[in-house]
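Here are the chains, one letter per residue:
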Amino acid sequence: MSELLHNRNRPNKPDNLRDLILPLNIFGDDILRKKARPLQGIDIGIEKLVSSMFETLYHTSGIGLAAPQVGHSIQLVVVDISRSRRGDYACEKPIVAINPHILSANGDDVTEENCLSIPGIRKNIVRPAAITLQYRNEHFEKKTSEFSGLLARVLQHEIDHLHGTLFIDRLTPLDREMIQSELDTIAAGIVPAEIAHLFRNSSSEP
Ligand SMILES: [Zn+2]
């Protein structure tokens, strides 16, 4: 999920951090529809990928990113809502969730969602308000935690990506129909010129 699809101009960003920014897969790319495989452990490659995913998240003003969105069909998501403007979340720590599995879910909540891989589309989506999540953290330690509010929302959105599910799949048929032509344009890889550079397979609007 994202806040806004443009850079908030982090000051004094060194070039080596910029090198970590990964190209995003866009709606229509096959990898976004695949089931991601679980990880058996972590190594230096996964650690580097986690760092790159956070840098990509910050570069795009995102609040959550799943590995398939950056070309890796593995069960890994990163979330950082600390700079979200949807509320005061400054104290919330970044989360790395490997092989996440939702053990239970409670309540109903309607919140507007969007997705870094489906630029320009924002829609209200119904999801459980709170979840109990089993996952492994960045040290591959097994964790069971409860999440509610925006964290529960973002985690569910990102975990959907690991199953090849996108938030637009959760729209009513009528709501989906209303955005079908926009989706067709995105699936053709056509996005506004100012964000075209973020994507692996895209061209800018004429
Ligand atoms: Zn998404």
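One can find the structure itself at the top, above this paragraph.
Residues numbered from 1 in each chain as written. Predicted model: local features only at pLDDT ≥ 70, side-chain atom pairs only at ≥ 80, totals over all residues.

Enquirer: If you had to explain the overall build of the chain to someone new, which residues and values would you point to?
Expert: Helix and strand content of the chain: five helices and nine strands. Counting helices and strands in the order they occur from the N terminus, the chain gives α-α-β-β-β-β-β-β-β-α-α-α-β-β. Here the C-alpha atoms of the chain give a radius of gyration of 16 Å, agreeing with the 17 Å that 2.2 N^0.38 yields for 206 residues. Counting across all 206 residues of the chain, residues that qualify as buried make up 34%. Sequence separation of at least 24 residues holds for 66% of the intrachain contacts in the chain that already meet a minimum separation of 6. (Helix = DSSP H or I, 4+ residues; strand = E, 2+ residues; numbered from the N terminus. Rg over C-alpha atoms; globule rule 2.2 N^0.38 Å. Buried ≥ 20, exposed ≤ 12 C-beta atoms within 10 Å, placed from the backbone. Contact = placed C-beta atoms within 7 Å.)

Enquirer: Report on the sheet that holds strand S7 (residues 142–148), specifying residues and quantitative values.
Expert: One open sheet accounts for five strands, arranged S1-S2-S3-S6-S7; its pairing is antiparallel. Two strands bound the open sheet, and with one partner strand each, they are strand S1 (64–66) and S7. With strand direction ignored, the average angle separating the axes of adjacent strands in the sheet is 40 degrees. Sheet contacts for helix H2 (residues 44–59): S1, strand S2 (76–79) and strand S3 (95–106); angle to S2, the most-contacted strand, approximately 45 degrees. (Pairing = 2+ DSSP bridges. Axes fitted to C-alpha atoms, helices over the stretch in contact; angles between N-to-C directions.)

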